[in-house]
Every structure is written in structure tokens, then in C-alpha cells.
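# Structural features, examined
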Amino acid sequence: MVTLKGKGVFGGVAIGKISFYQRAESTIKRYHVDDIDAELKRVEDAKEKALEELKGLYDRAVAEVGEANALIFEVHQMMLEDLDYQESIANIIKTQNVNAEYAVGTTGDNFSQMFAAMDDEYFKERAADVKDVSERLVRILTSAADGEVVSDEPVIVASDDLVPSETVQLDKSKVLAFVTQFGSVNSHTAIIARTLNIPAIVDIGADLKEEYNHKLAIVDGFTGTLYVEPDEETLSVMTRKRDEDLAKKALLQELKGKETVTLDGRKVNLYANIGNVADAGIALQNDAGGIGLFRSEFLYLENTDYPSEDQQFLVYKTVAENMAGKKVIIRTLDIGADKQIGYFDLPKEENPALGYRAIRICLTRYDVFKTQLRALLRASAFGKISIMFPMIISLEEVREIKGILEEVKAELREAKVPFDENIETGIMIETPAAVMISDLLAKEVDFFSVGTNDLTQYTLAIDRQNPKLDKFYNAHHTAIIRMLEIATKNAHDNGIWIGICGELGADLELTETFLKMGIDELSVSPAMILPLRKKIRETDVSKL
Ligand code: PEP
Ligand code: MG
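Residues numbered from 1 in each chain as written. Chains lettered and ligands numbered in written order. Predicted model: local features only at pLDDT ≥ 70, side-chain atom pairs only at ≥ 80, totals over all residues. Heavy atoms only, no water.

Further remarks concern the coordination of the magnesium ion (ligand 2). By definition of the ideal shapes, a tetrahedral metal site with four donors has angles of 109.5 degrees and an octahedral site with six donors has angles of 90 or 180 degrees. Only Glu430 (OE) and Asp454 (OD) from the protein coordinate the magnesium ion (ligand 2), and they sit 2.0 to 2.2 Å from it. Of this pair, Glu430 sits in the loop between strand S13 (424-429) and helix H15 (432-436) while Asp454 sits in helix H17 (residues 452-460), and the two are 24 residues apart along the sequence. Accessibility classification places Glu430 together with Asp454 in one group, the buried group. (Donors = N, O, S within 2.8 Å, 3.2 Å for Na, K, Ca; no water. Helix = DSSP H or I, 4+ residues; strand = E, 2+ residues; numbered from the N terminus. Buried < 20%, exposed > 50% of the residue type's maximum accessible area, 1.4 Å probe, protein only.)

Printed below as a string of C-alpha cells:
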């Protein structure tokens, strides 16, 4: 048995086989092959596997984002079966005696260039799809060549590190736990693990070796310990710990349907943080009173190109409808820093956390911003949507945002497209600047939501992505508590409500402090809703 230590980012125990995350190869190697028939067979097998994957993706997409958005996976299946495409691959293998990956990659490039050069808009758009299909085939071919067993059972996903775009694309039903060599407890991958209720350990270091691939292991997210090839005794102790934890979680289920109210009658809105349509289901299962933060950028991260207005509209509408009249606060695009998206073509920056990100991108890329606002407003006709803007530092920004929002509303009115005329708008308080002018900002918006993850990073001058600094990243720092007090007072003095949607909101050690302060809403990972409800129901604010 090997015992490895890291930092636990979400409690819970998982027992299963380790599977190292296979990153798609960015460069395809070309090599000589003698057995042409074997190479053709590899292509055929990969094609069957890809078709199976695409069918699965189609079904999942129908459930998550509706049939119209799922159609693309049908188009991909048709492309794979296209005779010209298949003949081109076979020809390259036969005439050049080369490997399947190379033949698929070259065919993908050739077809994509051919489509891009066509006059017809429909075919032009297919250029990206044929590349996507080819990349899928290449990925299947390369992992098959690496001897990778694609597991049918859920596994413990191991990796050097996972960036958000990789994490969101994993099939979560196959993930028992995450364990990484690097990474910080405040990263978005850690946040996704909490949202999905998956035990996770980061920063284990180089001792997490690839040779552990496929070995049985235990993840103890409470203590940040990974046991590889556990002995009998550890296995039985940890199995008991897992079952006890599950039983405790089951007990919490009794709190479902109960009010979130203190012993002395103070009601608190307890909402969930989500990243996509499926998470809204998890929020409902955990009895969230609404969605306090929908990180809309995950929709952009899951895409290979800018999501269209209709595509976004469908997602926002689906979440609003699924939440059935409960409030859904959707945050506009918050990319940059650790959330990088290839098709945005953002320049490399020395200090990305202090760089071109979030609202700064929206206020220079009006096309992107207005498309999202139109989609959000249109969806507001189907449920109770609020819009929230991230990374605010000035009044000027807020006034410009409101101006743009009014423009989009006017366009929709003109086109007779229905939307909620009284849609609630708010801002995130996640920079010290926003706290210090919160009295002025409060006069411009309907609510504040404090993003304590970034507020801590910017107040303490500590990069939340840097695992070396976890020791210094003290979210309980008096400076943060005072900032929360300032923002809360200014919100209430100006008649607006204030919530917390950063990870600190779920910190049970601070629940009493937040209640005493008068925080109106806490938005947390779905799995934290019931524990927090329990804590709030046991608290008497008048006695604090
Ligand atoms: C925050 O900064 O606290 C927040 C909620 O936003 P994100 O974690 O997505 O940056
Ligand atoms: Mg933030």
C-alpha cells in the first residue's frame, strides 16, 4: 500500500480504480506501417467507437440542452460515415504506407480547408465540424495505441492538473473522485468537484505516478489522503468511513422541504451555485431555494466556438423552466485568468488574474456581450431570471452596462420579442474597489453578491491558483470580514439585498457571523445546502 498526502478540496470517501486523464495529443506523429490491413481495421474500429460516443452525446445533449442543440452530434455521425471522407483516409494509408492517426488528421485538414473555401454558408460552418470529428477519431486512435482501457465503471480520475475546460468535458457519471499532482483548493476545478459532490484531492505532487494507472485506490477527501493498493485493514476502515458519511448525508435528506429559518425566526435564502443545466438538477435534488450563481462561462468553455444567441437562450430558458419559478441568477461571461477559451484568442498575459477578463472583455467585445444579454432577456420570459455582472470596479462600468442592457431591451421591444421588463440586475462584489464604493454602487443596482474567492485573492494579494500560497490564503482574514460588513451595511442602507456566492458562504464556521451581519442570501455548492440549512435552523441570532 502507498499512502500519499495532498489537500482535500471536498469531503467524502471514494473507492475505485485510478484512471489517468488522457490529454488529446496536439501533434500527430507520422510513421511507416507495413500491415496496411491492420491499419484500416484500426480506423474502422475507431469509427465505430466514435459513432457510439456521438450517439451517447446526442442523447445527453437532448436531455440537457434540447433537441435543436443536439442536432450537431447527428451531423457529426453523418460526416463520419461519409464515403468520400472514409475513402480519403484509406487512400492515404494505402498509398503512403502511413499510420491511421496521420491519415485521419490529414483528411480532416484537407476537408476542413475545402469546406472553408466554399461559398455556401452552411458548408463554410461545417469546416470546424469535420475537424472536430477528425480530432475525435485521432483521440480514440491514440489512446488505443497507448493501451488505454476505457473503463465502463466509474473511476478515480488522476491528472497532473485539470483546467476548467477539461473538467467540464469529463463524463461526470464516470468520475468517483479527482486527484491531481498540482492545483489549488481555490481553483475552478476544485469548485466543480464541490458542485458535483465528488471527493477531490489536489497538490499531491510528483508522487502521484502514472504507474498507479488502473490500480485500486481510496480517496479520503476529508483528510486529503490517497491510498494506492490499500491493505485489507485500510480498505475495511475506509469502507466504514464511506458508509457512515453516506448515512450522515442521507440523514440530512430529512431537512428537505423544511424552511431555512433561524430559531428566532430570521429567514435566509439558501441558493445553489451551478455551471450548467445538469447542475440545476443537482440543485433541485438538494432542495435549493433558487440559483444564486450560474457561471455562464462554463457554457462557453464547453463549446468549440462562440455559443450562438439561440443556443444560449435554450440553456438559460431550460434552467429557468426547470427551476419552476424559483430565482435563477445568471452571471454574464467571466472568462480570463484560469478560465481560458481558445476561440477567444486572448493574448498571453504576465498577470492574467489582474488582466483582460470578465466584464472587461464584455465591455470591449460588444458583439459577444449583446448576444448574451439578448439570450438572457429572451429567456427571462420563461422563468424568474436575474442578471449579475462580475469583476466590477467602477460606477462608470455599471452605468455603461445598464446603457447596453437598455439598448438590447429596446431592440427586443421593437422586434416584439417578450422579456421580463422588471428583470432584476445585480453586481458581484469581488474587488476591494467595489467594496469601498459599495454605497455608490448600491444606488445603481438591485442586489450585491459577494464573490469571496476573488475578493480574498485581490484583498490579500494572493493568487488563488497558486498552491504554494494556500497556506496564506486566509478567507477568515479580518480584512475580508470587515469588507463584508461594509458592503452589507451599504446594501441595506440603500434598500437592496446582499448575498455571498463565493466558497466562503458555505463555511459553517462563519454561518453565525454572516447571520449576525445580516447577509440575506447564501449561494453554495448544491451539496452544502442541507448542512447549511441544519446549521441555520440550530442558530438563534438574538443570542449571538
Ligand atoms: C468568486 O470570485 O467568489 C466567485 C464566486 O466567482 P468565481 O469563483 O467564478 O471567480
Ligand atoms: Mg470571481
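Close to ligand 1 lie 16 residues, the nearest being Arg295, Arg331, Gly451, Asn453 and Arg464. A distance of 2.7 Å separates an oxygen atom of ligand 1 from a polar side-chain atom of Arg295. Here Gly451 contributes a backbone N or O atom positioned 3.3 Å from an oxygen atom of ligand 1. Against a free-state accessible area of 280 Å², the protein chains account for coverage of 100% of ligand 1. With 3 residues, the top contributor of residues to the shell around ligand 1 is H17. Looking at side-chain class alone, the shell around ligand 1 contains 4 nonpolar, 5 polar and 7 charged residues. (Near = heavy atom within 4 Å. Polar contact = N/O pair within 3.5 Å; in protein donor to acceptor, adjacent residues only side chain to side chain. Areas by Shrake-Rupley, 256 points an atom, 1.4 Å probe, with all protein chains shown as cover. Nonpolar A, V, L, I, M, F, W, Y, C, P; charged D, E, K, R; others polar.)

With that out of the way, let us pick up the pattern of salt bridges. Oppositely charged side chains can form a pair if their charged atoms are brought close together. Applying the stated criterion to the full structure yields 39 salt bridges. The salt bridge partner of Asp470 is Lys7, with a shortest N-O separation of 3.1 Å. Here Lys7 lies in strand S2 (residues 7-10) and Asp470 lies in the loop between H17 and helix H18 (478-493), a separation of 463 residues in the sequence. With its nearest N and O atoms 2.9 Å apart, the salt bridge here joins Asp45 to Lys41. With Asp45 and Lys41 both in helix H1 (residues 36-65) and 4 residues apart, this pair spans about one turn of that helix. On the basis of relative accessible area, Asp45 is assigned to the partly exposed category, the value being 40%. Owing to a relative accessible area of 49%, Lys41 belongs among the partly exposed residues under this scheme. (Salt bridge = Lys/Arg side-chain N within 4 Å of Asp/Glu carboxyl O.)

With that settled, the discussion passes to helix H14 (residues 395-414). Between its first and last C-alpha, H14 extends 29 Å over 20 residues, near the 28 Å set by a 1.5 Å rise per residue. Where H14 is buried, its residues touch helix H12 (359-362), helix H13 (366-379), strand S12 (384-389), S13 and helix H16 (438-441). Just downstream of H14, Lys416 is the residue with a positive phi angle, here 60 degrees. (Expected span 1.5 Å × (residues − 1). Contact = heavy atoms within 4.5 Å.)

Aromatic ring pairs: the centre-centre distance and the angle between the two ring planes describe each pair. With the rule as written, the count across this model stands at 9 aromatic pairs. Between Tyr306 and Tyr343 the ring centres are 4.8 Å apart and the planes differ by 70 degrees, which places this aromatic pair in the edge-to-face class. Of this pair, Tyr306 sits in the loop between helix H10 (297-301) and helix H11 (309-322) while Tyr343 sits in the loop between strand S11 (327-331) and H12, placing them 37 residues apart in sequence. For Tyr306, a relative accessible area of 30% corresponds to the partly exposed category. Through pairs of rings, three or more aromatic residues link up here, namely Tyr300, Tyr306, Tyr343 and Phe344. Taking the ring centre of Tyr102 as reference, the NZ or CZ of Arg30 above it sits at 4.8 Å. (Phe/Tyr/Trp six-rings, centres within 6.5 Å; stacked < 30°, edge-to-face > 60°. Lys NZ or Arg CZ within 6 Å of the ring centre and 35° of its normal.)

Keep in mind these values describe shape, not function.
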